[in-house]
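# Notes for the structure review
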Amino acid sequence: MGEILEINGPIVTVHLPGVLNGAQVSIGALDLIGEVIGLDGERAVVQVYESTESLRPGEKVEPLGHPLVAELGPGLLGQIFDGVQRPLASIFERSGAYLVRGLNLSPLDRQKTWTFAPAPDHKPGQRLEGGEVLGTVQETPSFVHRILVPPDLGGELLELAPAGDYTVDQVIARIRDRTGSPSELRLYHRWPVRTPRPYRRREAVGIPLITGQRILDTFFPLLKGGKAAIPGPFGAGKTMVQQQIARWSDADIVIYVGCGERGNELVDILETFPTLTDPYSGRPLMERTLLVANTSNMPVVAREASIYVGVTMGEYFRDQGYDVVVVADSTSRWAEALREVAGRLGQMPVEEGHPAYLASRLAAFYERAGCVETLAGKHGSVTLIGAVSPPGGDFSEPVTSHTKDIVQTFWALSKSLADMRHYPAVDWTASFSAYVGAAAPWWAVHADPNWAERRTKALELLTEADELAHVVNLVGPEALSPEQRWVLESAGLIREGVLQQSALDPVDSFCSPQKQFVLLDLILEIHRRGTRLLTLGVPVQQLLNIPLLGHAKRLKTGYGNDQIEALRQFATEIQNTFERFLQDYAQPPPASSAVTDGEQKP
Amino acid sequence: MTGKEYRMACAARGGLLFMRGVPGVALGGRVQVRDHRNHKRNGQVIRTSNDLILVQVFEGTENLGLDTTWVRFLDAPFEITLSPDLLGRVFSGIGQPRDHRPPLIAALKRNVNGAPMNPVARAYPREFIQTGISTIDCLNSLVRGQKLPLFSGSGLPHNRLAAQIVRQARLLGEAEGNFAVVFGAMGISHDDARFFQESFETSGVLRNVVMFINLADDPPIERLILPRTALTVAEYLAFDLNRHVLVVLSDMTHYAEALREVATAKGDVPARKGYPGYLYSDLAEIYERAGRIKERSGSITLIPVVSMPSDDITHPIPDLTGYITEGQIVLSRELHNRSLYPPINIPPSLSRLMKDGIGAAHTREDHPRIASQLYASYAHALEVRMLASIIGAEDLSESDRQYLNFADDFEQRFVNQAEDEDRSIIDTLTLAWDILSQLPPETLSRLTEADLARYHHWTPVAMEEL
Ligand SMILES: Nc1ncnc2c1ncn2[C@@H]1O[C@H](COP(=O)(O)OP(=O)(O)OP(=O)(O)O)[C@@H](O)[C@H]1O
Ligand SMILES: [Mg+2]
C-alpha cells in the first residue's frame, strides 16, 4: 500500500516501494487504474487512464500485480471497447450517457455461455504446446473461434472438458507445465498488450489485401500482413478510406481503433455495420468487426494504450489462423499522447516536442504486422493500417516522416484533390507501394496477365499529364501538340473514370479486382485508339467532342461487379466509334478542305 | 480546510499562483483568492502535492503581493447552478451575473468540466438544418448535433454570418422549434458583443438565449473556463430540458491564446508556435461536447468562430480545430474584398455530416450529386480563371470561356446573397441547376443521366451567343 505524492494532470507520483515498472496500480478512493511508467527510489510515476480531478495527495495507492493485459476469448467480436479494453456498451447500460470514473468492468461477458467443442484428437497424457488449439466455439454463424492454449503455457494435458456450454470463467482443461505445476485453462486468457504475441516463424507476404478501392488495389497495393499509412490533412479522407477498408476488405476480422478521433465516427460504424452485409460471408458486417474507441475527449493516457490493445486482439485472431486487418485512426493522436506524458515527465523533447523514442516506438508498433506460421502451425496475418494527421498538412513533420520510413505502402492524401471533391484523394505522385512486384502474380492469375503493364501505362499517362498541366498553366493549351492534348484528356478519363470512386455510391463503393482491371483496360483502349487516329490526321478537337468519353466516365457506376461481361462489351462500342473515324480519314483528305487542329467548322 | 485562509503564496506569474505547504488539496478544486485590497478572485487548483500547489487565477495575477494574498481552498469543483431561469440571462465566464440581476438560486449544480460522452451513447446526427444560406445548405449542409466552425480572419464578417445562421436556422417541416441559443464570447470587442445582443433582440429570440461574456479587456484566463461553463449549460438545456441548442463560441483563437499563456507560465513543453502539445486534446474536450444522445430529444449544435492568425489555415488553432470538428466553413478575404456576402471560400469548406443529412429522405434526391458537381465544376472554373489571368481571356477555348462565365455567375448569384435573405433549400437547388445549365452536359460527370434529363436545361444556342 502506498500513497499519492503529487498530481499533475494524468501523471501521478506515488510512494510505493517495490512496485515493478509497467505494473498496474489502483489509485485513490475512486479506484482509478494507472500504469507505472517510471521508478525513482521508492517513488513511482504513474500514468492514469482516467481524469485525475478531485484526487489529493495522501490518498492510497495499491499495486494490482500485473501489467496492462487484454482479455482474449469468445465474445470480443461485435463489441466496442475503450483504450484499456473496458466494454463501452455495458458501461453505457450501467452508468448512462457520460463516462463515470472508477467503473472497471471485465471486457468479456461473464454470464454468457458458449458451446465448446473439444478438439477430437486431444487425449489426456499428450503434450500440448502454447498456442495450440484446445477446441472451438462457433462464435457467430460464420466465425469459428479457436480456443488456444495461452502462448506462455504448455505441458501435459491432464483433462479436457467434454462438449458443452461453458462461461468464459469455467475451467475447460488442466495442464501440467514443465515445472510440474498444474494450470487451469479457460475459454479466455490474458496477454500483456505491450508484448508481441509469439509465433513459430514469419512468412513472406504475397497475397494482396483487396479493399475494393481502385486507387489502392490497382495502383498502390497492400499485402496481407503488410503495413500501410494514410497521411493527410484534415478532411482529406483518412477516416473514409479506413472505413471503406473495414467494410470491404477480404479479411476475416477487422479491428478498428478510433484513437483520439471523433465519437460520431464510431457511432457511424456502430449504426451502419450491423445493417451491412459482409460481401464474403454474407453475414452482417458487425460480426467480423471489433471496435476500440478512445475518442479525442476521453483520457489521453488510455488513448496511448488503445493501439496496443487493438493490435494484441489482432494477434490473438491471427494466432487462430485468420487474416486480420487492424486500422488505427489516428497514430498521430497516439504520438501526441506519448508526447504529453513525456512532457509532463520533463523528458527532453527533440522534434516538435516529441520525445527521442518516438521513432523506435512507432517502428516497434508497425513491426507487429506480418504473416506468420502460428504456434499451432497455421497460417495467419495481421495487416496494420495507420492514419497519420500531420499538423498543417506538412508531411515533413516527425510522425509522418518516421512512419514513411517504416511502412511499405503509403497512401498520401492531397488537400487539393479533396478540395475538388476528388475522392479518394490519394495523390498518385506522392504515394508509393513497395508491394507492386509481389502483388503482380496474384493479379495476373485473378484479373489479367496484362495487369502490371496496364498499371504502369496508366501511371505514365498521369505523370505526363501532370507535367503538361504545368505547361498549360504557364502558356496556355495552344502550346500543346494534338498528341499532348489527347494525353491530357486520357489522364482526365483515368482520373474520373478509374481513380475517383465515391464511397457513397451504392454501385461503385466496392469494385471487384476484375472490374478494376476491365475499367482501366477500356479507358487505356480509348487512349490507344485515339492516339492512332491522331497520327492519321484526325483533328484532336473532334476526338475531344465524342460523347463516348462522357460514357466512359460513368462506366464505374453503370455496371455492377456482377456485370463484368456486359462491361467488356463496351470495347465493341469503343471499336465502332473509332472505326467510323477511321473510315472518314483513311482516304487522303481532298486538298481543298484541309482541317487544322483546334479549329472546326460549325 | 474550507474555512481556513492561507497566506503561503511563493510566486505569482502569468495567471498562476504558486502556494507552498498546504497539504491534501484536491486537483481541480475551486479556490478563492483575496488580494491586498480585499478584492476576491476565483481560481482553480491545476497541480497539487503536499509541497507545492499551482492555482490558476481567472482574474489574473496582476497586482498580487505574495505576503498580502490570502487563499481559501473551497474543497469543491468548479460548478455552475442550473435552472430554466438561465434563459435570457448574461453571465461572466465563471457564471457570475453580468446583467445587474441577482445570481441564480437552484439546487442543481454541475461541474463545468463535464465528463466525456460514452461514444456508445451518441446518436448519429442526420437532421438537416436549413440556414437559408445557399453555400451552406447546398454545399456544406449543417445537421443537428454537428460541430461546424467558421474559419475567419480579422475584419471578415464571421459575426454577421453567425448571427444570420442563428436567426434563420430551422428544421424543414418543423414549426417553431423547442430551441435555445448559448452564446459564449471570448475576447471579442464591445461592439461585436453589442452586435450579437441587438441581433438576438431584433429577431425576438433573446428570451431563449443565454450569454457568457468575456470581452477583449476582461481578464484572459477566464476564457479558459468560459466555453466549459457555456457547454455545461448547453448540455443541461439539451439533455435535461430537451431543447435544440445552438452554441456559438467566438472567438476560439482568444481561448487558445489564453491557454498558451498559462502553459508558458507553467513551463509546459511547446509543440508548434509555442502552443502546448495538449492543445488538440484540450480543444477536443470542448468541441466533442456537441452532439445528440440516444433516446433524448435535445441536441447541441456547435458553431465555434476561429479567426486564423494571418489568414493562415495551417496555424495550429484552425488546424487542430479542423482535425476535431465535423467540417469547416472557411471565409475568404478575396471574396470579401470583392463585396460578396457571405464570402465563403468554397473549395476548402466541408461538412462531413452532410452525407447522411441530405438526399431524398431529407432534402431532395439529386442534392448529393449536384453538390459534388458544383464543387468539381467550380474547381475547374477556378483553374480556368487562373489561366485566363496568364494568357488573357480572349485566347481561351470556347469551353473554357463557358467555365469562366460559370465561375462569375456562381459567385454573384449563388454564393452572394443578402444578409436577410432566407432561401429555401429547394430555391437553392433550383438556382444551382440554373447556373450549372450553362455548362454542357457531357462535362458534368458527377450527375446521372437521369438528373440531367430532369433538371438540366442546356441549350447549345446559348453557346453561340457567347
Ligand atoms: N471515398 C470517399 N467518397 C466520398 N466522400 C468522401 C470520400 N473520402 C472522403 N470523403 C468526404 O470527405 C469528408 C472527410 O473525410 P474524412 O472524415 O475521412 O477525413 P479525414 O482525413 O479523416 O479528416 P480528419 O483528419 O479531420 O479526421 C467525408 O466526410 C466525406 O464527405
Ligand atoms: Mg478522420
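None of the values given here were measured: they were computed from a predicted structure.

All right, on to the overall build of chain B then. Helices and strands together make up the secondary structure of chain B, namely 14 helices and 23 strands. When the backbone C-alpha atoms are referred to their principal axes, chain B occupies close to 85 × 50 × 40 Å. Looking at chain B as shown, the accessible area adds up to about 16900 Å², and 49% of this sits on carbon and sulfur atoms. Separation between the mean location of the 48 positive side-chain charges and that of the 58 negative ones in chain B comes to 10 Å.

A few words on the domain arrangement of chain B. Each assigned domain of chain B is listed with its residue range as follows: domain 1 (5-76), domain 2 (81-354) and domain 3 (367-465). Each of domain 1 of chain B and domain 3 of chain B has a C-alpha centre, and the two are 61 Å apart.

I385(A), W411(A), L374(B) and F410(B) are the most contacted members of the largest nonpolar core, which has 161 residues in total. Setting aside its immediate chain neighbours within four residues, L374(B) contacts C138(B), L139(B), F406(B), F410(B), F414(B), A432(B) and L436(B). Ranked by size, the runner-up nonpolar core spans 76 residues in total, among them L187(A), C259(A), V326(A) and I406(A).

With that settled, the discussion passes to the site of ligand 1. The local shell around ligand 1 holds 17 residues, among which K238(A), T239(A), M240(A), R262(A) and R352(B) are the closest. Residue neighbours of ligand 1 fall on chains A and B, so the site bridges chains. K238(A) places a side-chain nitrogen or oxygen 2.6 Å from an oxygen atom of ligand 1. For ligand 1, an oxygen atom lies 3.3 Å from a polar atom in the side chain of E261(A). Protein contact buries 94% of the 630 Å² of open area that ligand 1 shows by itself. Broken down by secondary-structure element, the contributors of at least two residues to the shell around ligand 1 are α3 (238-248) of chain A together with α7 (316-324) of chain B. By residue number, the principal contributor to the shell around ligand 1 is α3(A), which donates three residues. Looking at the shell around ligand 1 residue by residue, the class counts come to seven nonpolar, six polar and four charged.

To continue, consider the interface of chain B and chain A. The partner chain A presents 74 residues to the 79 residues of chain B that form the contact. Here chain B and chain A share an interface that buries about 6300 Å² over both sides, 53% of which is from carbon and sulfur atoms. Counting the contacts that link chain B with chain A gives five salt bridges. In this structure, R56(A) and D75(B) form a salt bridge, with 2.7 Å as the shortest nitrogen-oxygen distance.

In this section: the packing of aromatic side chains. Throughout the structure, instances matching the rule amount to 26 aromatic pairs over all chains. For the pair F143(A) and Y322(A), a centre-to-centre distance of 4.7 Å together with 40° between the ring planes defines the contact as tilted. Here the residue F143(A) occupies a position in strand β12 (residues 143-148), and Y322(A) occupies one in the loop between α5 (300-319) and β22 (323-329), the gap between them amounting to 179 residues. Given a relative accessible area of 5%, F143(A) falls into the buried group. Grouping aromatic residues by their ring pairs yields a cluster made of Y378(B), Y403(B), F406(B), F410(B) and F414(B). It is R110(A) that lies over the ring of Y188(A); its NZ or CZ is 4.9 Å from the centre. One cation-aromatic arrangement involves R333(A) over Y280(B); the distance from NZ or CZ to the ring centre is 3.7 Å.

Glancing now at the pattern of salt bridges. Residue and element names in this part refer to chain A. Across all of its chains, the model carries 75 salt bridges over all chains by this definition. Here E373 ties to R200 by a salt bridge, and the two come within 2.9 Å at their closest N and O atoms. Of the two residues, E373 sits in strand β25 (residues 370-373) while R200 sits in the loop between β17 (189-192) and β18 (201-203), which places them 173 residues apart along the sequence. Bridged by salt links that share partners, the residues E261, R262, E265, R333 and E336 form one connected network.

This part is about the sheet that holds strand β10 (residues 127-129) of chain A. All names here are of chain A. Reading across from one edge, β10-β13-β15-β16 is the order of the four strands in this open sheet, with antiparallel pairing throughout. Each edge of the open sheet carries a strand with a single partner, namely β10 and β16 (182-186). With direction set aside, neighbouring strand axes in the sheet form an average angle of 45°. Pairing between strand β13 (residues 154-160) and strand β15 (residues 171-177): five bridges, direction antiparallel. Within β15, the position partnered with G155 by the bridge is D177.

Attention shifts here to the environment of S502(A). Residues and elements named next belong to chain A. Inspection of the secondary structure assignment puts S502 in the loop between α12 (482-499) and α13 (513-535). Overall, S502 belongs to the partly exposed group, its relative accessible area being 34%. Through-space distance from the C-alpha of S502 to that of P424 is 7.2 Å; in sequence the pair is 78 residues apart. Here the side chain of S502 touches L504 through a polar contact of 3.0 Å, landing on its backbone nitrogen.

Residues and elements named next belong to chain A. Counted residue by residue, strand β19 (residues 227-231) has five buried out of five residues, so it is predominantly covered. Burial along β19 is two-sided: the face carrying K227, A229 and P231 and the face carrying A228 and I230 are both buried. As paired elements, β19 and strand β26 (residues 379-388) share five bridges and run parallel to each other. The residue bridging A228 from the neighbouring strand is I385, located in β26. In this structure, β19 lies alongside strand β27 (residues 409-410), joined through two bridges in parallel fashion.

Rules behind the numbers
Residues numbered from 1 in each chain as written. Chains lettered and ligands numbered in written order. Predicted model: local features only at pLDDT ≥ 70, side-chain atom pairs only at ≥ 80, totals over all residues. Heavy atoms only, no water. Helix = DSSP H or I, 4+ residues; strand = E, 2+ residues; numbered from the N terminus. Areas by Shrake-Rupley, 256 points an atom, 1.4 Å probe, with all protein chains shown as cover. Lys, Arg positive; Asp, Glu negative; His and termini not counted. Charge placed at Lys NZ, Arg CZ, Asp CG, Glu CD. Domains from an automatic or database assignment. Core = buried A, V, L, I, M, F, W, Y, C linked by side-chain atoms within 4.5 Å. Buried < 20%, exposed > 50% of the residue type's maximum accessible area, 1.4 Å probe, protein only. Contact = heavy atoms within 4.5 Å. Near = heavy atom within 4 Å. Polar contact = N/O pair within 3.5 Å; in protein donor to acceptor, adjacent residues only side chain to side chain. Nonpolar A, V, L, I, M, F, W, Y, C, P; charged D, E, K, R; others polar. Buried area = accessible area lost by both parts, 1.4 Å probe. Salt bridge = Lys/Arg side-chain N within 4 Å of Asp/Glu carboxyl O. Phe/Tyr/Trp six-rings, centres within 6.5 Å; stacked < 30°, edge-to-face > 60°. Lys NZ or Arg CZ within 6 Å of the ring centre and 35° of its normal. Pairing = 2+ DSSP bridges. Axes fitted to C-alpha atoms, helices over the stretch in contact; angles between N-to-C directions.

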